[in-house]
Amino acid sequence: MNPQAKLLSITSLFLGSTITITSNHWIMAWTGLEINTLAILPLISKSHHPRAIEAATKYFLVQAAASALLLFSSMTNAWYTGQWDITQLTHPTSCLLLTTAISIKLGLVPFHFWFPEVLQGTSLTTGLLLATALKFPPITLLLLTSSSLNPTLLTIMAVASTALGGWAGLNQTQTRKILAFSSISHLGWMAIILVYNPKLTLITFYLYCLMTIPIFLTLDTIKTLKLTTMSTAWTKIPPLTATLMLMLLSLAGLPPLTGFLPKWLIIQELTKQEMTPTATIIALLSLLGLFFYLRLAYCATITLPPNSINHMKQWQTNKSTKMFITTFITLSTMLLPLSPMMFTTS
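Quick caveat, the model's predicted, so the values are computed rather than measured. (Residues numbered from 1 in each chain as written. Predicted model: local features only at pLDDT ≥ 70, side-chain atom pairs only at ≥ 80, totals over all residues. Heavy atoms only, no water.)

### Observations regarding the environment of Pro3
Working step 1: Take Pro3: it is sitting in helix H1 (residues 3-22).
Working step 2: Take Pro3: its relative accessible area is 59%, and that puts it in the exposed class.
Working step 3: Between the C-alpha atoms of Pro3 and Leu251, which are 248 residues apart in sequence, the distance is 33 Å. (Helix = DSSP H or I, 4+ residues; strand = E, 2+ residues; numbered from the N terminus. Buried < 20%, exposed > 50% of the residue type's maximum accessible area, 1.4 Å probe, protein only.)

Below is the structure:
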């Protein structure tokens, strides 16, 4: 891809996200989301493979439909209440339409069908942007309107997302699709607590990004797209593959790793809200995700394929990304002991 075109796309992504996050008016928020959609399309289709073109087409159609719904929601609210302010969304129909529009943009169940397919058709670096950075503006809109949203609807969608994200990921052999279903499952955890504690949703999203970024970068470094090739990856960069197991277990939410923190806080908050059965159900459903994380870790670090080819180990990776990956690996595995300090300062 042309470096100038890539720079333009990445700059536009930053611009679109900034416009949406900082806006108070619905039209400005919609404009930022549209800029994001148009900026990511060249990055999705840059390989010129038929599957990449298909992924870009699917992404464009889905995001365009979601943006139209979001605009219709804000216009309906303005028609009945005279308010274009994002925080003044009070009309029930507008709230329902907004929940649908943002769910489509994020990939929450039952609007999740596009996300694994699009992620499978892109490169790992573009998939990283789709799974982390491009979810931030829609989540910001949900946070700003959280007081007006229907908690029952969000709870049902959240439990369904956690269940389907875990269940559908069990049968996958492609690492990108596994990470897509992992993202859907984590979105369920964010959505379930949104109405009761919006700050906790934001913390969960930040920690999810911290754990997902090094996994995508590690898989991109060792050039692994399938489980079958993952079993031979340990011969390339043994230290990086060993830490991949810790990162996957952290994403699964096992203590004493970073991923345990958001799940622990969400279950605690749900119990305070007298939603113990819901907390129990969502905690049990996360065990489905734990199974395929363990399978990934098993394939990456424990299996020894027969007749492995002897070759020189790649001890030196790209120096520009080495420090970046190392920092995120440390954060994604060792942040739990620092959590009391984080909450006392916030």
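Next comes the rest of the description.
### Observations regarding the domain arrangement of the chain
Working step 1: Partitioning the chain into structural domains gives domain 1 (1-134) and domain 2 (150-345).
Working step 2: The distance between the C-alpha centroids of domain 1 and domain 2 comes to 23 Å.
Working step 3: On the side of domain 2, 28 residues touch domain 1, which itself brings 22 residues to the contact.
Working step 4: With both chains or domains summed, domain 1 and domain 2 bury close to 2100 Å², and 77% of this area falls on carbon and sulfur atoms.
Working step 5: At the junction of domain 1 with domain 2, the criterion picks out one salt bridge.
Working step 6: Taking the shortest distance from any N to any O, the salt bridge between Lys177 and Glu117 comes out at 3.4 Å. (Domains from an automatic or database assignment. Contact = heavy atoms within 4.5 Å. Buried area = accessible area lost by both parts, 1.4 Å probe. Salt bridge = Lys/Arg side-chain N within 4 Å of Asp/Glu carboxyl O.)

### A few points about the packing of helix H8 (residues 151-169) against helix H14 (residues 276-302)
Working step 1: Axis separation between H8 and H14 bottoms out at 8 Å; the angle between their running directions is 25 degrees. Judged by the inter-axis angle, H8 sits roughly parallel to H14. The element H8 and its partner H14 pack so that their crossing is left-handed. For the pair H8 and H14, the contacting residues are Thr155, Val159, Thr162, Ala163, Gly165, Gly166, Trp167 and Gly169 in the first and Thr278, Ile281, Ile282, Leu285, Ser286, Leu288, Gly289, Phe292 and Arg295 in the second.
Working step 2: For the contact of H8 with H14, a count of residues per class yields eight nonpolar, eight polar and one charged. (Axes fitted to C-alpha atoms, helices over the stretch in contact; angles between N-to-C directions. Parallel < 35°, antiparallel > 145°, perpendicular 65-115°, else oblique. Left-handed = near helix turned anticlockwise from the far one by under 90°. Nonpolar A, V, L, I, M, F, W, Y, C, P; charged D, E, K, R; others polar.)

### Details of the side chain of Lys263
Working step 1: Positionally, Lys263 belongs in helix H13 (residues 260-272).
Working step 2: Buried charge without a partner: Lys263 forms no salt bridge, and the closest opposite charge is Glu269, 17 Å away. (Lys, Arg positive; Asp, Glu negative; His and termini not counted.)

### Observations concerning the pattern of salt bridges
Working step 1: This structure, assessed with the given rule, holds three salt bridges.
Working step 2: When the shortest N-O distance is used, the salt bridge between Glu54 and Lys58 registers 2.9 Å. Here the residue Glu54 and the residue Lys58 both occupy positions in helix H3 (residues 50-81), the gap between them amounting to four residues, near one helical turn.
Working step 3: Here Lys58 ties to Glu117 by a salt bridge, and the two come within 3.9 Å at their closest N and O atoms. Linking Lys58 in helix H3 with Glu117 in helix H5 (residues 114-120), this pair joins segments that are 59 residues apart in sequence.
Working step 4: Residue classification places Lys58 among the partly exposed positions, given a relative accessible area of 28%.
Working step 5: The class of Glu117 is partly exposed, set by a relative accessible area of 35%.
Working step 6: Ionic contacts of the salt-bridge type, sharing partners, join the residues Glu54, Lys58, Glu117 and Lys177 into one network.

### Things to note about a nonpolar patch on the surface
Working step 1: A cluster of nonpolar side chains, namely Ile27, Met75 and Trp84, defines an oily patch on the protein surface of about 250 Å² accessible area.
Working step 2: Relative to the helices and strands, Met75 is located in helix H3.
Working step 3: Take Met75: its relative accessible area is 45%, and that puts it in the partly exposed class. (Patch = residues over 30% accessible without salt bridge, like charges linked within 9 Å, V, L, I, M, F, W, Y side chains within 5 Å. Areas by Shrake-Rupley, 256 points an atom, 1.4 Å probe, with all protein chains shown as cover.)

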